[in-house]
Amino acid sequence: MSTPGALTSPARLDLLLLAVAVSGISFSAPLIAATAAPALAIAFWRNAMAVGALSPVALLRHRAELRGMGGRALWLSAASGVLLAVHFGLWLPSLHLTSVASSTALVTTTPIWTTILLRIRGHRPPGLVWAGTAVAFLGVVLLTGVDLSLSPRALAGDALALGGGIAAAGYVLIGSEVRRSVSTTAYTYVCYSTTAALLLATCLVSGSAVTGYSGETWLKLAVLTVAAQFLGHSLLNRVVRGLGPSITSTAVLLETPGAALIAAVWLGQTPPAAAYPALAVILAGLVLVIVGDRRGAPAPVPRADP
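These numbers were taken from a predicted model, which means no experiment stands behind them.

A. Molecular detail of the overall build of the protein chain. Regarding its fold elements, the protein chain presents 14 helices and zero strands. Listing each helix as α and each strand as β along the protein chain from the N terminus yields α-α-α-α-α-α-α-α-α-α-α-α-α-α. In the protein chain, which comprises 306 residues, the share counted as buried stands at 53%. Long-range contacts, defined as pairs at least 24 residues apart, comprise 88% of the intrachain contacts of the protein chain with a sequence gap of at least 6.

B. Molecular detail of the packing of helix 7 (residues 110-120) against helix 9 (residues 152-178). Here helix 7 crosses helix 9 at 50°, and the two axes come no closer than 8 Å. Between helix 7 and helix 9, the angle is such that the two are oblique. Once helix 7 is placed against helix 9, the crossing between them reads as right-handed. Contact residues: helix 7 offers T110, W113, T114, L117 and L118, while helix 9 offers L162, G165, I166, A168, A169, G170 and L173. Grouping the amino acids of the contact of helix 7 with helix 9 by side-chain chemistry returns eight nonpolar, four polar and no charged.

C. Just helix 9, in detail. In a regular helix each residue adds 1.5 Å, so 27 residues correspond to 39 Å; helix 9 covers 40 Å between its end C-alpha atoms and thus fits that length. The buried count for helix 9 comes to 19 of 27 residues, which makes it a mostly enclosed element.

D. Structural context of the nonpolar core. Counting 50 residues, the largest nonpolar core has W91, L92 and Y192 as its most contacted members. Going through the elements one at a time, helix 2 (28-34), helix 3 (39-61), helix 5 (71-94), helix 6 (100-107), helix 9, helix 10 (184-206), helix 11 (215-243) and helix 13 (255-267) are the ones with two or more residues in this core. Take this core: its biggest share by element is 11 residues, from helix 3. Once residues lying within four places of it in the same chain are set aside, the contact partners of L92 are I32, A39, I42 and A43.

E. Spatial organisation of the packing of helix 9 against helix 11. Interhelical geometry of helix 9 versus helix 11 gives an angle of 50° and a closest axis separation of 9 Å. The orientation of helix 9 with respect to helix 11, classified from their angle, is oblique. Between helix 9 and helix 11 lies a crossing of right-handed hand. Within the contact between the two elements, helix 9 uses Y171, V172, G175 and S176 and helix 11 uses H233, N237 and V240. Taken together, the residues of the contact of helix 9 with helix 11 sort by class into three nonpolar, four polar and no charged.

F. Main features of the packing of aromatic side chains. A full pass over the atoms with the stated rule returns three aromatic pairs. Ring geometry for W45 and W218: centres 5.1 Å apart, planes at 80°, overall edge-to-face. Here W45 is found in helix 3, whereas its partner W218 is found in helix 11, with 173 residues between them in sequence. Through successive ring pairs, a cluster of aromatic residues spans F44, W45, Y213 and W218.

G. Examining the pattern of salt bridges more closely. The full count for this structure, using the stated rule, is five salt bridges. Measuring nitrogen to oxygen at the nearest pair gives 4.0 Å for the salt bridge that ties R121 to E177. With R121 in the loop between helix 7 and helix 8 (127-150) and E177 in helix 9, this residue pair connects regions lying 56 residues apart in the sequence. For E177, a relative accessible area of 19% puts it in the buried group. A single salt-bridge network, built from bridges that share partners, covers R72, R121, E177 and R180.

H. Seen up close, the confidence of the model for the protein chain. Per-residue confidence for the protein chain gives a mean pLDDT of 82, with 88% of residues at or over 70. Scored below 50 in pLDDT, residues 1-5 makes zero contacts in the model with residues more than four places away or belonging to other chains. This model gives residues 298-306 a pLDDT under 50, and the stretch forms 16 contacts once residues within four places in sequence are excluded.

I. Looking closely at the side chain of T184. Note that T184 resides in helix 10. When its relative accessible area of 11% is taken as the criterion, T184 is described as buried. Within polar-contact distance, the side chain of T184 engages the side chain of R179 at 3.1 Å.

Conventions and cut-offs
Residues numbered from 1 in each chain as written. Predicted model: local features only at pLDDT ≥ 70, side-chain atom pairs only at ≥ 80, totals over all residues. Heavy atoms only, no water. Helix = DSSP H or I, 4+ residues; strand = E, 2+ residues; numbered from the N terminus. Buried < 20%, exposed > 50% of the residue type's maximum accessible area, 1.4 Å probe, protein only. Contact = heavy atoms within 4.5 Å. Axes fitted to C-alpha atoms, helices over the stretch in contact; angles between N-to-C directions. Parallel < 35°, antiparallel > 145°, perpendicular 65-115°, else oblique. Left-handed = near helix turned anticlockwise from the far one by under 90°. Nonpolar A, V, L, I, M, F, W, Y, C, P; charged D, E, K, R; others polar. Expected span 1.5 Å × (residues − 1). Core = buried A, V, L, I, M, F, W, Y, C linked by side-chain atoms within 4.5 Å. Phe/Tyr/Trp six-rings, centres within 6.5 Å; stacked < 30°, edge-to-face > 60°. Salt bridge = Lys/Arg side-chain N within 4 Å of Asp/Glu carboxyl O. pLDDT = per-residue confidence, 0-100. Polar contact = N/O pair within 3.5 Å; in protein donor to acceptor, adjacent residues only side chain to side chain.

Here it is, written out as structure tokens:
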């Protein structure tokens, strides 16, 4: 007989995979900032490479599932891919306009928008969740104020990153819905394929070069795909069914200190001293969101992923 509140084995596995996913995405912003390629092209290639690597498994082992996906699951997976393309299309350019720390902190405000979208759908978050949302939003205001004092360019980067965080909220919510009946491989294959196609079209229209890079740039793109796309996004899609959208999206807040630390050590990119209190406020608010969500909702019962 299990002890009340004790984590089941599937839940412990999901939390372990979530920790790996957060570690993977923490390398995303520093790698992107250090890669000598257009932002939109980087976004395209990380998804296109992921689709290429997934194709043998998806088309051989999951062919029947892909063929049998209902219209609703297929369209929702594609819609998730659209939102992921918007997320990348807004966030990646922001890394060239503002600091890695500021950009990452703002794009990881996803739990704020997840809470708001859940409320619109009829879910009633506990008061602690709303309190955390308010605190995190205050941190956003403080951080953008710091960047405004630095330059309008940095503020524009903040706005793009914030838009990327809003798009990511929709991506996580739709993914949690699709993952109730569709495997991780089938869902991510449709989602990433949609994202790659949209980003390629955007690159061609905008004139962003998608070829002609150095060997070092291709290597960084490959590392980005493995770390941020496979170990990051794909594992997030794996655990969202068991842990739920609120916890999954809120855990991403740990990307902020992780990316800031990597950027400081690797790129020598240290945010101004005035930004640290704002970053701390955002993190404190998002921690309140996850605590409130855990207290206000029954623990999910995850199922083993096929």
